[in-house]
Protein chains: 2
Amino acid sequence: MRPSDLQLFQKTEIFARLGEATAERLARNCQVKDYPKNTMLTEQGETAEYVHLILNGRVALTAECLDGSSTIVTSFGDGEIFVTAAAILQQPYLVAAKTISPCRILLIPVTRFRQALQTEAALALLMVDRLAHHWRLLVGHLRELKLHTALERLASYLVTRSPAARGAAHFRLTEDRRTIAAELGMSAECLSRSFQQLRACGVRVSGSRVHILDVAQLKKLYRPVVPAPRHMANPADETFERSPESVHQQTH
Amino acid sequence: MRPSDLQLFQKTEIFARLGEATAERLARNCQVKDYPKNTMLTEQGETAEYVHLILNGRVALTAECLDGSSTIVTSFGDGEIFVTAAAILQQPYLVAAKTISPCRILLIPVTRFRQALQTEAALALLMVDRLAHHWRLLVGHLRELKLHTALERLASYLVTRSPAARGAAHFRLTEDRRTIAAELGMSAECLSRSFQQLRACGVRVSGSRVHILDVAQLKKLYRPVVPAPRHMANPADETFERSPESVHQQTH
DNA sequence: CGGTTGTTTGAGGACGTTCAAGTACTGTGG
DNA sequence: CCACAGTACTTGAACGTCCTCAAACAACCG
């Protein structure tokens, strides 16, 4: 563990809530590894060997089918600890973990982690807190998937990533299109088309750059004010009609 | 808390893992209430007042939209403790809780629960365990939704509810069609049609009674052995072709 | 028996996928 | 600098799955 790693570790919520002494004991002599983008960290069905703490980067949990199709269940970023359920329960992973950006990861051996869980009350409380957050994360995803269309999910995604809560905003997408699509539960083609549709709502994308004219307007998309069935709104609906000025605008 | 409630409580995994003394302290003087089917226990956006322990019955967590549509995120049965994330984090509920069968529920005030969490190590460890299980539950649901068709999800549902792991099985559905449909993320109509399709795979339903000729055969449905794209298999696919003998068989 | 509610069936349509082709962005080596 | 390949992204057409609506049917209860 290099000094720079220690710095990253100390900045995490995990560290802060554990207290220095406990955190130090937990991380002592642990490996820290670098992984390039798109590395499989763990495979479905394996038993947990390490608990992973992301010092830097982003990791996706992916579910795979025997026929080769796969999807992203959720993803975690800097400072998060993940795939702890399998480690805690000593059961095989339900999902695989894959880096979706270059990552630097602290690897805590499961045996040590499980031991610490028993002896350090602070760690148990921390895990209760983290797992509760993770639970809410998945509940949010399930709600999105079951209740919202692809377009609405994209709008929601952009809003949560927007630095501003309303008004204009511009920022960069940190992941490629295919990854975003998998995370939102749609095909890359559908994502592309949804971006096109959002032009009418004041969203401009060019590569990884995103410009939103009015974030508040986007929010309305996935919080329908009109309690009418979706298909009833279509006949005379102008919402997604391309405005004349935007039809032939090409990014550069 | 009546003696019969205490008996139910003592049979739960929660009680067993906490130990008698701690469990007794946690539940002392707590209310136990009966709820008929389809009662809203908590609403979306409220802050948690009680942690609920189901002594008897089944409760669904439902996500709702402003337009009135709603869906079931997951459900819990006897002996389970639920909506703990909101209680732990002192944040408003992301989902509502609704009984989907008559229920008898032990209500633990959040303040007491949170206090106990800090002081009783056993409770913290128990919650880590429960939350890990609940996490895996949702991961499973997300995987099903994103990776499997309605038909496959129903097959999976029936297999998990089947008392036998292979061979013939018969059992009863504990919930009505609409609830099952919501839980599986489909409309009641789609569920009905999926049941029809499963006749070809040796599934007979009549009211709440289910007869499965061969559970192992059902499992094949959602674990496709052939690594071919679904639509390629269609032209000459016999899987869902009704066998001559089954076409006109009616239940009763 | 009619009224209520839950389930099934049929028709049509919306949403999203797949496949295929085209276009734009990489980086590499000449 | 350009040609080139390789990859990522976009666009179009056709199709499949699932949803909605509406109506028929069944079961239950007064």
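Let me sum up the structure you'll find in this document.

**Considering the interface of chain A and chain B**
In step 1: Taken together, the 50 residues of chain A in the interface contact 50 residues of chain B.
In step 2: Interface area for chain A against chain B, summed over the two sides, is near 4500 Å², with a carbon-plus-sulfur share of 75%.
In step 3: For chain A, the biggest contributors to the area lost against chain B are Trp 135, Arg 136 and Lys 146 of chain A; these three give 18% of the whole.
In step 4: Summed over the shared surface of chain A and chain B, the result is 0 salt bridges.
In step 5: Applying the counting rule to chain A against chain B returns 16 residue pairs in polar contact (both at pLDDT 80 or more).
In step 6: Of all the secondary structure elements, the ones that give two or more residues to the side of chain A that touches chain B are β4 (59-64), β5 (70-76), α4 (84-89), α5 (110-119), α6 (121-147) and α8 (177-184) of chain A.
In step 7: Its residues placed into classes, the side of chain A that touches chain B shows 31 nonpolar, 11 polar and 8 charged.

**Examining the sheet that holds strand β5 (residues 70-76) of chain B**
In step 1: If you walk across this open sheet you meet the 4 strands as β2-β7-β4-β5 (chain B), and the pairing is antiparallel. Two strands in the sheet have a free side with no partner beyond their single neighbour: β2 (40-42) and β5 of chain B. The mean inter-strand angle of the sheet, taken between neighbouring strand axes irrespective of direction, is 35°.
In step 2: Along the sheet face, α6 of chain A touches β4 (59-64) and β5 of chain B and points at about 140° away from the line of β5 of chain B.

**Focus on the pairing of strand β3 (residues 50-56) of chain B**
Residue and element names in this part refer to chain B.
In step 1: By the criterion of burial, β3 is predominantly enclosed, with 5 of the 7 residues buried.
In step 2: As paired strands, β3 and strand β8 (residues 103-109) are joined by 6 bridges and run antiparallel to one another. Counted as the bridge partner of Ile 54 is Ile 105 from β8.
In step 3: Both β3 and strand β6 (residues 81-82) contribute to a ladder of 2 bridges, which runs antiparallel. Directly across from Leu 53, in β6, lies its bridge partner Ile 81.

**Points about unusual backbone geometry**
Residues and elements named next belong to chain A.
In step 1: Not every positive phi belongs to a glycine, and Asn 29 is a case in point at roughly 65°.
In step 2: Looking at the element boundaries, Asn 29 is found in the loop between α3 (20-27) and β1 (31-35).
In step 3: Among the residues examined, Asn 29 registers a relative accessible area of 71% and is labelled exposed.
In step 4: With phi around 55°, Gln 90 is a residue other than glycine that occupies positive phi space.
In step 5: With respect to the helices, strands and loops of the structure, Gln 90 is situated in the loop between α4 and β7 (96-99).

**Observations regarding the pairing of β8 of chain B**
A regular strand carries its side chains on alternate faces of the sheet.
Residue and element names in this part refer to chain B.
In step 1: Among the 7 residues in β8, 6 count as buried, and that is most of the element.
In step 2: Bridge analysis of strand β1 (residues 31-35) against β8 gives 5 bridges, and the strand direction is antiparallel. Bridging across to β8, Tyr 35 finds its partner in Cys 103.

**Structural notes on the relation of the copies chain A and chain B**
Here the two chain copies are tied together by a rotation about an axis and a shift along that axis.
In step 1: Overlaying chain A on chain B yields an RMSD of 0.0 Å, the required transformation being a rotation through 180° with an accompanying axial translation of 0.0 Å. The superposition operator between the copies reduces to a two-fold rotation axis. Scanning chain A for the C-alpha nearest the rotation axis identifies Val 128 of chain A, at a separation of 2.6 Å.
In step 2: The overlap is high: 100% of the interface residues of chain A also sit at the interface in chain B, so the same surface is used on both sides.

About the thresholds
Residues numbered from 1 in each chain as written. Chains lettered and ligands numbered in written order. Predicted model: local features only at pLDDT ≥ 70, side-chain atom pairs only at ≥ 80, totals over all residues. Heavy atoms only, no water. Contact = heavy atoms within 4.5 Å. Buried area = accessible area lost by both parts, 1.4 Å probe. Salt bridge = Lys/Arg side-chain N within 4 Å of Asp/Glu carboxyl O. Polar contact = N/O pair within 3.5 Å; in protein donor to acceptor, adjacent residues only side chain to side chain. Helix = DSSP H or I, 4+ residues; strand = E, 2+ residues; numbered from the N terminus. Nonpolar A, V, L, I, M, F, W, Y, C, P; charged D, E, K, R; others polar. Pairing = 2+ DSSP bridges. Axes fitted to C-alpha atoms, helices over the stretch in contact; angles between N-to-C directions. Buried < 20%, exposed > 50% of the residue type's maximum accessible area, 1.4 Å probe, protein only. Least-squares fit on C-alpha atoms with pLDDT ≥ 70 in both.

That is the geometry; function is a separate question.
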